Structures are given as structure tokens and as C-alpha cells.
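# Breakdown of the fold
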Amino acid sequence: TAGSTAPGLSFPLRDSAAAARLRKAGAILIGKTRTHEFAWGNVTPPVRNPWDRERVPSGSSGGSGAALAAGLCAAALGSDTGGSIRMPASVCNTVGLKASFGRISRDGVVPHSWSLDHAGPLTRTVGDAAHLLNLLAGYDPADPACQAQPVPDYTKALGKPIKALRVG
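The text that follows walks through the structure, step by step, so that each part is easy to find. (Residues numbered from 1 in each chain as written. Predicted model: local features only at pLDDT ≥ 70, side-chain atom pairs only at ≥ 80, totals over all residues. Heavy atoms only, no water.)

## Description of the layout of surface pockets
Where empty space is left becomes clear once a probe the size of a water molecule has been rolled over the atoms. Size it by volume and the largest pocket reaches roughly 1400 Å³. Put simply, the parts of the chain that give the lining of the largest pocket at least two residues each are helix H1 (17-24), helix H2 (62-69), strand S1 (76-80) and helix H4 (126-136). Looking at the lining of the largest pocket, its residues break down into 25 nonpolar, 13 polar and 5 charged. In this structure, the second largest pocket encloses a volume near 310 Å³. For the lining of the second largest pocket, the elements supplying multiple residues, two or more each, are strand S2 (95-96) and H4. Among the elements that line the lining of the second largest pocket, the one with the most residues is H4, at 4 residues. (1 Å grid on protein atoms, 1.4 Å probe; cavity = no way out; pocket = protein on both sides within 12 Å on 5 of 7 lines; lining within 4 Å. Points joined across faces, edges and corners; volume = space filled by probe spheres on them. Helix = DSSP H or I, 4+ residues; strand = E, 2+ residues; numbered from the N terminus. Nonpolar A, V, L, I, M, F, W, Y, C, P; charged D, E, K, R; others polar.)

Written as C-alpha cells, this is what we have:
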């Protein structure tokens with residue numbers, strides 16, 4: 001429902017492309033989490049940060065971040081237009097990944113901005129994020145921004161030294 005009780009809204013009763021990829025890989029999907037209305041803002045009522053129940057889990061994938069941090073699931077999915085995966089990951093002490101534009105299909109994600117929307121994983125470790133990215137990445141003709149590029153094995157760099165790593 002995109003966190004809304006507005007009348008006349010209709011959402012398809014099917015998996016998003018990201019959820020479908022996880023299901024195809026054998027993941028057991030246990031449910032959907034709460035976002036604030038249309039995923040705008042930083043407050044996700046009634047969700048609370050499991051580390052401090054007086055605080056919010058941040059927006060808009062705050063339900064995913066809180067469920068993961070509380071140990072209710074092994075990993076979660078989120079969508080990110082302006083920080084909605086990265087902010088809950090930060091305040092819930094988890095890992096959130098906003099992958100390169102077009103790397104993960106946005107089909108089935110509530111749209112906000114065709115040039116800024118992303119789907120991605122929230123996990124407990126960087127290694128788990130790499131494993132999920134391996135499953136989530138790839139071309140999807142249902143998403144016009146999704147690119148038909150080879151998908152590298154994101155787990156290959158795990159455990160390697162970062163001394164000479166350049167980030168830019």
C-alpha cells in the first residue's frame with residue numbers, strides 16, 4: 001500500500017523483480033515491511049528502531065532495516081531514491097547497498113524518480129550484501145533503466161586486502 005490509506009490505490013499482487021529473483025534462487029520470503037506514506041520522509045510510524053525504541057529506523061526502507069536489525073530476517077530488500085536503503089542501514093547498524101543505476105531491476109518498486117530510484121539489499125554483513133547482489137543484479141526488460149551488462153561475481157573481492165584500493 002506504499003504506507004498509504006488513500007482511497008483508490010491499487011497495487012499488483014505479484015512479486016517485484018528483485019523479490020522474484022530471490023524466490024527463484026530458493027529464498028524464503030517471509031513478508032513485507034512498513035514504509036511511511038509513499039516512502040517520503042524519515043519517519044516510519046509505527047516502526048521503531050530496535051536498538052532504541054524511542055528512535056525511528058529512518059526512511060523509507062525503515063521497516064526492512066528494523067526487521068533485519070531485530071533479527072526477524074536474514075536479509076531484506078529496500079528501495080532508495082534519496083537515501084532510503086542507506087539511512088536505515090546506518091541507524092540500524094546494518095549494511096545497505098544502493099547499487100549502480102540499472103544494475104538491479106526496479107520493476108515492482110513504488111516509483112518516485114525514474115533517474116534516482118534503485119532497489120537493493122539490506123544485510124548484516126558486507127559479504128551477505130555481495131551474495132545478494134549476485135542474485136539481484138542482471139538485465140530485466142521490464143525496467144527500461146536496467147542494463148544488459150555482464151554481472152561480475154561480487155563475492156570475489158571478499159577477504160582480499162584493501163591496502164591499495166582506490167575509491168573515487
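Read on for the rest.
## Concerning the pattern of salt bridges
Two side chains bearing opposite charge may form a pair once their charged atoms approach each other closely. Tallied over the entire structure, the rule returns 6 salt bridges. For Asp 107, the salt bridge is made with Arg 14, and the minimal N-O distance between the two is 3.3 Å. Here Arg 14 lies in the segment before H1 and Asp 107 lies in the loop between S2 and strand S3 (118-123), a separation of 93 residues in the sequence. Note that Asp 80 and Lys 98 form a salt bridge whose closest N and O atoms lie 3.7 Å from each other. With a gap of 18 residues between them, Asp 80 in strand S1 and Lys 98 in the loop between S2 and S3 connect regions that are remote in the sequence. Its relative accessible area of 25% is what places Lys 98 among the partly exposed residues. (Salt bridge = Lys/Arg side-chain N within 4 Å of Asp/Glu carboxyl O. Buried < 20%, exposed > 50% of the residue type's maximum accessible area, 1.4 Å probe, protein only.)

## Focus: the packing of H1 against H4
Direction vectors running N to C along H1 and H4 enclose 105°, while the axes themselves pass 9 Å from each other. One finds that H1 runs roughly perpendicular with respect to H4. Facing H1, whose interface residues are Ala 18, Arg 21 and Leu 22, H4 presents Leu 132, Leu 135 and Leu 136. The residue inventory of the contact of H1 with H4, partitioned by class, reads 5 nonpolar, no polar and 1 charged. (Axes fitted to C-alpha atoms, helices over the stretch in contact; angles between N-to-C directions. Parallel < 35°, antiparallel > 145°, perpendicular 65-115°, else oblique. Contact = heavy atoms within 4.5 Å.)

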